[in-house]
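Survey of secondary and tertiary structure
Residues per chain are reported as follows:
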Amino acid sequence: MIAKTISRRDFIHRAATGAGLLALSPANSLLAHPAKSFWPKNAKKYTIYMIGHAHIDLVWLWPWTEGLAVVHSTFRSALERMKETPDLVFTSSSALFYRWVAENDPEMLDEIRRRVAEGRWNVVGGWWTEPDMNIPSGEAMVRQGLYGQRTLRKLTGRQATVAFGADSFGHAGTIPQIIKLQGMETFVFMRPGGGEKNLPSNLFRWEGPDGSSVLAYRIHHHYGSLDQGEALTTRNDLREVTEYVPQHPVPAVMKFFGVGDHGGGPSKAHIRVINEARAEKDAPVIVYSSMDRYFEDLRKYPDLQLPVVKDDLQHHAPGCYTAESAIKKNNRLAEAALVTAEKISAIGSVCWKNSYPKDAFTQAWERIMLLQFHDSMAGTSLVSHYQYARNGYGYALNVADDATAMAVQKLEWQVAAEDPESRYLLVFNPHAWEFKGIVRYDSDRGIICITDEHGHTYPYQWITGQAQTHGRQTLLIDVTVPPMGYVQLRGRHCASPAELPDPARAEENVLENEYYRITFSSTGTVGVFDKKSGKHVFSGGETGCRAIVIDDPSDTWSHDIKSFDSEIGAFAGASVKPLCRGPLLATMRVTTTYGRSTLTVDWSLTAGSNRIEAEVKLDWHERLKMLKFSFPVDVDTPTPTYEAPYGFIVRTASGDEDPGQRWVDVSGRRGDETYGLAIINDAKYGYSVRDNDLRISVVRSAVYAHHQPKELRPELEYEWMDQGLQTFRLWLAPHRNSWQESHIPRIAEEFIAPPVVIYQGIHPGVLPKSGSFMEIDAPDVLVTAVKKSEDGDDLIVRLVETVGQETSATFRFPSAGIIWRGTFRPCEIKTLRLSVGAGTVMEVNLLEE
């Protein structure tokens, strides 16, 4: 956002009519100032490309329904200004806006299409909205472009060539590859600004870890103006942009104008000021233009040597990585659920005649993409919007869960389950590699042993279930499931249930299996002893892991904040009690308190597993405070690595607040060996690492939509963020080698998308009792998406190299007779289009072309 000085309720009328926007008194008129005293020396050698624009926050301090109305008024105003000014050019992003116009005013859309064809309406962005660019997953960013570009092409006749994220609060360093594979070669942004991120130039090549690069442009001043007192409508700002030009690699810059945030666009007053400037004798060359034309004109400089930036574009508003916990968790769960549903439904459409609900999936993704708009996803909108967001993510989750259940149910109907004295479960693995681990299902406790079709017996354990009647309990089964396939499990009476050679145990304040001995102190700290390395995971030994409370008086965005490190307390006064004592699963519940808040963590170990699980329940009632979990990894020369959209980012251990996705890792040296700890979670995006102390930002309690310099008044009541109960899960994965060798990205996939378990009734069937449909042989190349193509009936398969190493992989889809072999650059995304009938494979871009 830029500073706000007028009521948005009045804005659209003012922009359309010019009333009240700029009273051009002689003092304000450019012509009233002699050119000699106004323009910098050599200004005539410069070219200023005037980009008519209206930044529209589709939701922020208003609901999305108001955003829709603003789009309509702003677009009408822009079209009227074009009639009055024959060379005016207007620029707008966001495919959703054009969808709204098409549905509400088809005649306006026809007029826009004509202006697009003339080159006077520049369609940019290529995405469904202007999304947050740190929090959406890699696949979600793919869908922003897939649905965005297709919609722009359909409705305006043109797809975007310029990616545009002016107001997004930072940009992950993996984005260049995604932009390029969506048909865009250039990227325009504004945040972080010059005071937040030092760049060698505002015009540079931005290169991702795979080697892909795009031409990037940081907006020097603003993406527009709110009223006549800002940006271009004063002579000082016109002079300022001209004075900046000598610092630019070329003597030509873009200057954005037009009322924004609540829409509006170029006003009569803006246009009058610009036209006056163009008439000045010593003025620079000032042209109404588009971003497309600006980048085309850069070709006039064939010998232009630009710096290359291989980095994140951070930081702006780091509080937004954590603000509004519910939307963050729901986003991650909905993304994962939709991807899983598409995989199983698409494979089922080929292998067991399942119906693929393409329209429902598209609508669910469209809802998610709207909610990923930057002011929505960042947690900076109104509290009422976040109720809408809960409902929206609930819709997407329902679509995904229903599609998954129906697809697996149709499969299980074709797998015989014929013994009425047995209980049958069918377990489906949504990953293209073999799964080994625990699955859960609530059932009646009448089962003595679990076997597969070959009579192999699986370890199991009963624990307290969701229901406390009719003998229902939760059944845990340690199972192996083939790649992207299924196995039928049969529960029945037998003489000898499977035994575990080294069971998990929970006794007093100790949790233990063959890998770890975890101790819980009376103060609430947690220590983990790694039996294989013979050392503690945390510095501090048995008092390593803590829940720390941070003083956080910052606003919703945490403007001007780099780190959250002012510790004022910690959760303490631990109550420790065993919940499950093994042999398959052992769980210890630890309850601590701080102020009016209560933290309950169920720590678990599984027999034979080197992962530590924590189920967290936080009842939070603090204000202007932050909670961080601290994991001080006992290593020297620590290196933090964060998952990013379809890749990862290595950062410094400086203590700055950083965005990350499902996992973060700190690795370093222990003598001559590499050691590290990766933490995977299902809800959080804010992290920090200072030296060896890895911290997860759990919750912030700012006031909703509070923007500095507004001061909170103690006598007033406010809506405080994240009050009350929230839950999330963690996996801790200590490793005695690098995170790459430990396959942390693969573990994260298993964590966020566990196997699907379906109950089988008694019926005949024709399919085998286990099967595998799809497989990849390279452990660090993941099959991240399988879906039906947007056009036609092909299958789309997305493959991603995840550890930053050049490799080769073989992909197999036996049901279609398809085998594909290929090589990957580090972090490369490949999209395959499979023609199932013909048995052919074609590599395509992210638009499936």
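Let me begin by describing the structure that accompanies this report. (Residues numbered from 1 in each chain as written. Predicted model: local features only at pLDDT ≥ 70, side-chain atom pairs only at ≥ 80, totals over all residues. Heavy atoms only, no water.)

Right, let's talk about the overall build of the protein for a bit. Looking only at helices and strands, the protein has 15 helices and 46 strands in total. Since a compact globule built from 849 residues should have a radius of gyration of about 29 Å, the 29 Å found for the protein is in line with a globular shape. Along the first, second and third principal axes, the C-alpha atoms of the protein reach 100 × 65 × 50 Å. For the protein, the computed accessible surface area is about 30,900 Å², with 48% contributed by carbon and sulfur atoms. In the protein, 91 positive and 105 negative side-chain charges are present, and the distance between their average locations comes to 3 Å. (Helix = DSSP H or I, 4+ residues; strand = E, 2+ residues; numbered from the N terminus. Rg over C-alpha atoms; globule rule 2.2 N^0.38 Å. Areas by Shrake-Rupley, 256 points an atom, 1.4 Å probe, with all protein chains shown as cover. Lys, Arg positive; Asp, Glu negative; His and termini not counted. Charge placed at Lys NZ, Arg CZ, Asp CG, Glu CD.)

Turning our eyes to something else, we now look at the sheet that holds strand S28 (residues 612-620). Reading across from one edge, S25-S26-S27-S28-S37-S34-S33-S30-S31 is the order of the nine strands in this open sheet, with antiparallel pairing throughout. Single-partner strands in this sheet number two, and they are strand S25 (572-581) and strand S31 (647-650). Sheet twist, expressed as the average angle between the axes of neighbouring strands with direction ignored, equals 20°. With four bridges joining them, strand S30 (residues 636-644) and S31 adopt antiparallel strand pairing. Bridge assignment links Glu643 to a residue of S31, and that residue is Phe648. (Pairing = 2+ DSSP bridges. Axes fitted to C-alpha atoms, helices over the stretch in contact; angles between N-to-C directions.)

Here we take up the sheet that holds strand S44 (residues 818-824). The sheet built from three strands is open, its strands ordered S40-S43-S44 with antiparallel pairing. At either margin of the open sheet sits one strand with a lone partner, and together these are strand S40 (775-776) and S44. Of the pairings in the sheet, the one linking strand S43 (residues 807-813) to S44 comprises seven bridges and is antiparallel in character. Across the sheet, the residue bridging to Phe811 is Trp820, located in S44.

With that settled, the discussion passes to the layout of surface pockets. The computed volume of the second largest pocket comes to approximately 550 Å³. Surrounding the second largest pocket, 25 residues form its lining, Glu196, Gln314, His315, His316 and Lys562 being those nearest its centre. For the lining of the second largest pocket, the secondary structure elements donating two or more residues are S31 and strand S32 (654-659). For the lining of the second largest pocket, the residue count by class is five nonpolar, 11 polar and nine charged. (1 Å grid on protein atoms, 1.4 Å probe; cavity = no way out; pocket = protein on both sides within 12 Å on 5 of 7 lines; lining within 4 Å. Points joined across faces, edges and corners; volume = space filled by probe spheres on them. Nonpolar A, V, L, I, M, F, W, Y, C, P; charged D, E, K, R; others polar.)

Moving on to the nonpolar core. Of all hydrophobic cores here, the largest spans 161 residues; its most connected members are Trp121 and Phe811. Tallying contributions element by element places helix H14 (residues 383-412) first for this core, with 11 residues. Residues contacting Phe811, with those up to four places away along its chain left out, are Met774, Glu775, Ile776, Val783, Val797, Leu799, Ile818, Ile819, Trp820, Leu832 and Leu834. Membership of the second largest hydrophobic core comes to 49 residues, among which are Leu627, Val664, Phe728 and Leu730. (Core = buried A, V, L, I, M, F, W, Y, C linked by side-chain atoms within 4.5 Å. Buried < 20%, exposed > 50% of the residue type's maximum accessible area, 1.4 Å probe, protein only. Contact = heavy atoms within 4.5 Å.)

Let us now look at the packing of helix H4 (residues 95-104) against helix H5 (residues 106-118). Running from N to C, H4 and H5 cross one another at 130°; their axes reach a closest spacing of 5 Å. Classed by the angle they form, the pair H4 and H5 counts as oblique. Note on element contacts: H5 touches H4 through Pro106, Met108, Leu109 and Ile112, opposite Tyr98, Val101, Ala102 and Asn104. Residues belonging to the contact of H4 with H5 are distributed by class as follows: seven nonpolar, one polar and no charged. (Parallel < 35°, antiparallel > 145°, perpendicular 65-115°, else oblique.)

All right, on to the environment of Leu599 then. Structurally, Leu599 can be placed in strand S27 (residues 597-606). For Leu599 and Leu618, which are 19 residues apart along the polypeptide, the C-alpha to C-alpha distance reads 4.7 Å. If sequence neighbours within four positions are ignored, Leu599 has contacts with Ala547, Phe571, Val590, Thr591, Thr592, Val616, Lys617, Leu618 and Phe629.

Looking now at the side chain of Asp442. Inspection of the secondary structure assignment puts Asp442 in strand S12 (residues 435-444). Although buried, Asp442 forms no salt bridge, and the nearest oppositely charged side chain, Arg472, lies 5.9 Å from it. One polar contact links the side chain of Asp442 to the main-chain amide nitrogen of Gln466, over a distance of 3.0 Å. Setting aside chain neighbours within four positions, we find Asp442 in contact with Gly465, Gln466, Ala467, Arg472, Gln473 and Thr474. (Salt bridge = Lys/Arg side-chain N within 4 Å of Asp/Glu carboxyl O. Polar contact = N/O pair within 3.5 Å; in protein donor to acceptor, adjacent residues only side chain to side chain.)

Moving on to helix H9 (residues 268-279). The end-to-end C-alpha distance of H9, which contains 12 residues, comes to 17 Å, matching closely the 16 Å that a straight helix rising 1.5 Å per residue would cover. Among all positions in H9, only Ala269, His270, Ile271, Val273, Ile274, Glu276 and Ala277 are buried. (Expected span 1.5 Å × (residues − 1).)

In short, geometric facts, not functional conclusions.
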